[in-house]
Amino acid sequence: MRVLLIQYKMLGDVLTSTVVADELKRSNPNAIVDYLIVHNAVPVVQGHPAIDNLILVKPQEFSSLAGIITLSRKLNNNKYTHIFDAYSKNNSGFLCSLLKAEHKIGYDKWFGFLAYQEKVSDQADKQQFPSGWAIGSRLRLLEPITDDIDYSVKPRIHLTETEVESGKQWLEQSGAQLDKSITMISVLGSSEVKTLPFATMAQLLNHLVEKTNTQIFFNYIPSQKDDAFAIYHLCKPQTREHILIDDFTASLRDFLKVLANCTAIIGNEGGAINMAKALDIPSFSIYSPWVPQEAWNISEDGEQHLSVHLKDLKPELYGDKKPAAFKSNSLEMYQNFDAGLIIKSLDQFIQYHY
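Residues numbered from 1 in each chain as written. Predicted model: local features only at pLDDT ≥ 70, side-chain atom pairs only at ≥ 80, totals over all residues. Heavy atoms only, no water.

Enquirer: Can you walk me through the pairing of strand β7 (residues 182–186) in this structure?
Expert: Successive residues of a regular strand alternate their side chains across the two faces of the sheet. The buried fraction of β7 is high, at 5 of 5 residues. Burial along β7 is two-sided: the residues Ile182, Met184 and Ser186 and Thr183 and Ile185 are all buried. With respect to chirality, the unit in which β7 leads through helix α10 (residues 198–212) into the neighbouring parallel strand β8 (residues 215–219) is right-handed. Direction of pairing for β7 relative to strand β9 (residues 264–268): parallel, over a ladder of 4 bridges. (Buried < 20%, exposed > 50% of the residue type's maximum accessible area, 1.4 Å probe, protein only. Helix = DSSP H or I, 4+ residues; strand = E, 2+ residues; numbered from the N terminus. Right-handed = clockwise from strand over helix to strand, strands pointing away. Pairing = 2+ DSSP bridges.)

Put into structure tokens, the structure is as follows:
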């Protein structure tokens, strides 16, 4: 059994789709699984025991017809028996239409009849799939070939003991005290419409430090530096004394080494939160008002992993509409997400982990 699993991007999606590889290997230990992803996603799947080979694709190879045709010729040399397209976008669908395999499985999209022999729904019911829609919908890709699927499987990031120790050393060199709590803050979302207003985040950080005396690191990418410092300067002086704002890991893999040694991660829901869950680090996530909580509430049990959503706190703002309907005015919706509402749930999380 030679398998090609396609996800391509983004970081959280690449990590989540590894559950397909996990389940394939569990039921077919001798299967060879190749994973097609973008280069910058390698750190979240590096050393994954269910993935035999990484097919690393550059954006230009996946954004033009010529690039996809060239890529298909290379991939057909591998003589795949099964292809699972977890990405299921126009470009991956076109790639699948050019690939040869006994089983080509993807989601039921408009191009599906050209790309796949078997199509599945990308919807998943919370009761049927306890790990959430993001995982349940991916595991559905296996339904055309097997009934033996563990729908409770969760993504895992695999670090070596040496890497975890390296994370400890980085923390110590940055001035952190390992005998005290260390909190990673997902201080910014991947976009403005996924980011809690800066003043509200600063209020939460003030409260966190006042209650726990914890040491804080900010997670952000270089292009977000000015925004991260803007939030830092909105915090009280005594809070800023606890934030090691100038320390920044050199790479995503280095960030994971550090995250593995944190007491918890708190902040905007997104890739960093999902990575923490995959490392078994307690998480408190704040959802954007327009993001469906049931899609990404992986592992959330109200204790180890806890989250808040404006829809739960102020359901009257949504009426009978789904959160996705509010994407265009999410910034306005965020103004209803005041710190006091979040702090009630945050205090519950603090009680469990600090």
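There's more to say after this.
Enquirer: What exactly am I supposed to notice about the pattern of salt bridges here?
Expert: When the charged atoms of two side chains with opposite charge come close together, those side chains can pair. Using the criterion set out here, one finds 10 salt bridges in the structure. The shortest N-O distance in the salt bridge between Asp254 and Lys257 comes to 3.1 Å. In this pair, Asp254 and Lys257 both sit in helix α13 (residues 252–259), 3 residues apart, roughly one turn of the helix. We classify Asp254 as partly exposed; its relative accessible area is 23%. With a relative accessible area of 14%, Lys257 lands in the buried category. Three or more residues joined by partner-sharing salt bridges are found here, namely Glu23, Arg26 and Asp148. (Salt bridge = Lys/Arg side-chain N within 4 Å of Asp/Glu carboxyl O.)

Enquirer: Would you explain the pairing of strand β2 (residues 32–38) in this entry?
Expert: The buried fraction of β2 amounts to 6 of the 7 residues, a majority that puts the element mostly inside the structure. With 6 bridges connecting them, strand β1 (residues 2–8) and β2 associate as parallel partners. Bridging across to β2, Ile6 finds its partner in Leu36. Across 5 bridges, β2 lies against strand β3 (residues 53–57) in parallel orientation. Paired with Tyr35 across the bridge in β3 is Leu54.

Enquirer: Even after reading the chapter, I still don't get the nonpolar core, so can you show me in this structure?
Expert: Most often, soluble globular proteins have nonpolar side chains that are buried together. Judged by nonpolar contacts, the single largest core of 69 residues is most densely connected at Leu4, Ile6, Leu36, Phe62, Leu75 and Leu95. The contacts of Leu4, once residues within four sequence positions are left out, are Asp34, Leu36, Ile55, Leu75, Tyr80, His82, Ile83, Phe84 and Leu99. By size, the runner-up hydrophobic cluster in this structure holds 38 residues, among which are Ile185, Ala228, Ile231 and Ala264. (Core = buried A, V, L, I, M, F, W, Y, C linked by side-chain atoms within 4.5 Å. Contact = heavy atoms within 4.5 Å.)

Enquirer: Explanation requested: the sheet that holds β9 in the structure shown.
Expert: In any sheet, the strands associate via hydrogen bonds between backbone groups, in a parallel or an antiparallel arrangement. Read across the sheet, 5 strands follow the order β8-β7-β9-β10-β11 without closing on themselves; strand pairing throughout is parallel. Of all strands in the sheet, those bounded by a partner on one side alone are β8 and β11 (305–308). Geometrically, the sheet is characterised by an average inter-axis angle of 15° between neighbouring strands, direction not taken into account. Looking at chain direction, strand β10 (residues 283–286) and β11 are connected through 4 bridges and run parallel. (Axes fitted to C-alpha atoms, helices over the stretch in contact; angles between N-to-C directions.)

Enquirer: Even after reading the chapter, I still don't get the packing of α13 against helix α14 (residues 271–278), so can you show me in this structure?
Expert: Helix-helix packing: each pair is described by the crossing angle between the helix axes and the interaxial distance. Relative to each other, α13 and α14 sit at 55°, their axes nearing to 10 Å. Overall, the two elements α13 and α14 adopt an arrangement that is oblique. Like other packed secondary-structure pairs, α13 and α14 cross with a definite hand, here right-handed. Judged by residue contacts, Leu252, Phe255, Leu256 and Leu259 of α13 engage Ala272, Met275 and Ala276 from α14. Partitioned by chemical class, the residues of the contact of α13 with α14 number 7 nonpolar, no polar and no charged. (Parallel < 35°, antiparallel > 145°, perpendicular 65-115°, else oblique. Left-handed = near helix turned anticlockwise from the far one by under 90°. Nonpolar A, V, L, I, M, F, W, Y, C, P; charged D, E, K, R; others polar.)

Enquirer: Is there a simple way to think about the side chain of Ser283 in this case?
Expert: Within the secondary structure, Ser283 is located in strand β10. Taking the relative accessible area as the measure of exposure, Ser283 reaches 1% and is therefore buried. With near-sequence residues (within four places) excluded, Ser283 lies in contact with Ile265, Ile273, Lys277, Gln304, His305, Leu306 and Phe349.

Enquirer: Where do I start with the environment of Ala260 in this structure?
Expert: Among the structural elements, Ala260 can be located in the loop between α13 and β9. In sequence terms Ala260 and Ala278 are 18 residues apart; their C-alpha atoms lie 9.7 Å from each other. Beyond its immediate sequence surroundings of up to four residues, Ala260 is in contact with Leu159, Leu279 and Ile281.

Enquirer: Teacher, can you tell me more about the packing of aromatic side chains here?
Expert: Enumeration over the complete set of coordinates arrives at 9 aromatic pairs. Ring geometry for Phe284 versus Phe349: centroids 5.7 Å apart, planes at 50°, classification tilted. With Phe284 in strand β10 and Phe349 in helix α18 (residues 339–353), this pair connects stretches of sequence that are 65 residues apart. Considering the side-chain rings of Tyr318 and Phe326, the 5.0 Å spacing of their centres and the 70° angle between planes classify their relative orientation as edge-to-face. For the pair formed by Tyr318 and Phe326, the shared burial category is buried. An aromatic cluster is defined as three or more aromatic residues linked by ring pairs; in this entry it consists of Tyr8, Phe62 and Tyr87. It is Lys89 that lies over the ring of Tyr87; its NZ or CZ is 4.9 Å from the centre. Between Arg240 and the ring centre of Tyr232, over which it is positioned, the NZ or CZ distance is 5.9 Å. (Phe/Tyr/Trp six-rings, centres within 6.5 Å; stacked < 30°, edge-to-face > 60°. Lys NZ or Arg CZ within 6 Å of the ring centre and 35° of its normal.)

Enquirer: Which parts of the structure should I look at to understand the state of the cysteines?
Expert: Across all of its chains, the model carries 0 disulfides by this definition. Cysteine Cys235 shares no disulfide, and the gap to the nearest cysteine sulfur, in Cys262, comes to 17 Å. Residue class for Cys235 comes out buried when judged on its relative accessible area of 3%. Classification of Cys262 by relative accessible area gives buried; the value is 7%. (Disulfide = S-S within 2.5 Å.)

Honestly, it's all geometry; don't read function into it.
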